[in-house]
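Reading the structure
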Amino acid sequence: MSMEGNVALVTGGSRGIGRAICLELARQGAAVAVNYAGSSQAAEETAEQCRALGVEAEVFQADVSDPAACSALVAAVKERFGRLDILVNNAGISRDGLLMTAKEEDFTQTLDTNLKGAYFCTKAAAKVMVRQKYGRIICLSSVVGLRGNPGQTAYAASKAGILGLVKAAAKELAGRDITVNAVAPGYIETDMTAVLPDKAKEAMRTTIPKGRPGSPEEVARAAVFFAAPESAYITGQVLCVDGGMAV
Ligand code: NAP
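Just so it is clear, the structure is predicted and the values come from calculations on it, not from any experiment. (Residues numbered from 1 in each chain as written. Predicted model: local features only at pLDDT ≥ 70, side-chain atom pairs only at ≥ 80, totals over all residues. Heavy atoms only, no water.)

In the region of the ligand, 31 residues are neighbours, and Ser14, Arg15, Ser39, Tyr155 and Thr190 sit closest. At a separation of 2.8 Å, a nitrogen atom of the ligand approaches a polar side-chain atom of Asp63. Within the complex, the protein chains bury 93% of what would otherwise be the 900 Å² of accessible surface of the ligand. Elements with a contribution of two residues or more to the shell around the ligand: helix 1 (16-27), strand 2 (31-36), helix 6 (153-173) and helix 7 (191-194). Considering each element in turn, the shell around the ligand owes the most residues, three residues, to helix 7. In terms of residue class, the shell around the ligand is built from 13 nonpolar, 14 polar and four charged. (Near = heavy atom within 4 Å. Polar contact = N/O pair within 3.5 Å; in protein donor to acceptor, adjacent residues only side chain to side chain. Areas by Shrake-Rupley, 256 points an atom, 1.4 Å probe, with all protein chains shown as cover. Helix = DSSP H or I, 4+ residues; strand = E, 2+ residues; numbered from the N terminus. Nonpolar A, V, L, I, M, F, W, Y, C, P; charged D, E, K, R; others polar.)

With that out of the way, let us pick up the pairing of strand 1 (residues 7-10). A two-sided burial pattern is seen for strand 1, the buried positions comprising Val7 and Leu9 on one face and Ala8 and Val10 on the other. Direction of pairing for strand 1 relative to strand 2: parallel, over a ladder of four bridges. Residue pairing in the sheet places Ala8 in a bridge with Val32 of strand 2. In the classification by handedness, the crossover that spans strand 1, the intervening helix 1 and the parallel strand 2 is right-handed. As defined by bridge partners, strand 1 adjoins strand 4 (residues 86-89) across three bridges and the pair is classed as parallel. What sits directly across from Ala8, in strand 4, is Ile86. (Buried < 20%, exposed > 50% of the residue type's maximum accessible area, 1.4 Å probe, protein only. Pairing = 2+ DSSP bridges. Right-handed = clockwise from strand over helix to strand, strands pointing away.)

Structurally, Ala200 can be placed in helix 8 (residues 198-205). On the accessibility criterion, Ala200 (31% relative accessible area) is partly exposed. Counting along the chain gives 10 residues from Ala200 to Thr190, while the straight-line C-alpha distance between them is 15 Å.

A word on the sheet that holds strand 4. If you walk across this open sheet you meet the seven strands as 3-2-1-4-5-6-7, and the pairing is parallel. With one partner strand each, in any of the chains shown, strand 3 (57-61) and strand 7 (238-241) form the two edges of the open sheet. Each strand of the sheet is rotated relative to its neighbour by a mean of 20°, with strand direction disregarded. Relative to the sheet, helix 3 (residues 67-81) contacts strand 1, strand 2 and strand 3, its axis offset from that of strand 3 by approximately 155°. Across the face of the sheet, helix 4 (residues 104-132) comes into contact with strand 4, strand 5 (135-140) and strand 6 (178-185) while running at roughly 175° to strand 4. (Axes fitted to C-alpha atoms, helices over the stretch in contact; angles between N-to-C directions. Contact = heavy atoms within 4.5 Å.)

Once that is clear, we can look at the packing of helix 3 against helix 4. Here helix 3 crosses helix 4 at 35°, and the two axes come no closer than 9 Å. Here the hand of the crossing between helix 3 and helix 4 comes out right-handed. In this structure, helix 3 contributes Pro67, Cys70, Ser71, Leu73, Val74 and Lys78 to the contact, and helix 4 contributes Lys116, Gly117, Phe120, Cys121, Ala124, Ala125 and Val128. Its residues placed into classes, the contact of helix 3 with helix 4 shows nine nonpolar, two polar and two charged. (Left-handed = near helix turned anticlockwise from the far one by under 90°.)

And the structure:
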């Protein structure tokens, strides 16, 4: 599996799972565009770590909840690297709260970032990939999008929406050697889950047959599997990386 000559854009590449995906893509030889929203220093560190692996890497600030910013992001990456082979829609947030008391702005922000962001980055990237007649698009869903979780109705809706987007786009783009797939992580140790109360973490652990949380690197390996040229015949699929949680 070599991705030499490929250019990858990872949204939310500054931290957590996104950073691990950037590094795994770099290990396979892809040039990496590291997107971030606010953490410029962390994004620079990711890019530096990619360059240390021998590939070109650069950071691109863009708030993916803004559709105009998504098109500008893809245009900037194309301008800098000349092509775009791999898009990883990883940027995401969770604004948890019970259905009956959750605020409308939290719902809107969650859907705008997690679903609208992936939709508009995919739309912009597809235009480039269709012309190239090649592309690999990977979206981060979640076990919560497949199974639901109390206190996460907005997040679950956004991650279930990702699955519809992936399946429809997979059918639309298949004829141009563009695949679209989803990775659905379970409980992964990142900043997103670090803020959960210890009781919630312990409760979650008991639902994982493997008995432990996953690492960002374990998710990255699944994303990079879909990103490989050799994965050409796999599209519209959802791969759970969850220690057996969703079985
Ligand atoms: P994280 O550690 O909180 O990192 C989130 C990343 O998304 C950061 O790089 C952040 O950029 C970026 N981001 C957030 N809002 C953005 C925006 N509007 N525009 C551009 N970038 C934005 O999260 P994570 O745990 O690595 O999660 C990564 C993905 O996996 C998410 O889609 C998440 O829903 C999904 N996932 C995670 C888990 C888990 O257990 N951790 C489970 C299932 C699915 P800044 O650094 O600039 O803020």
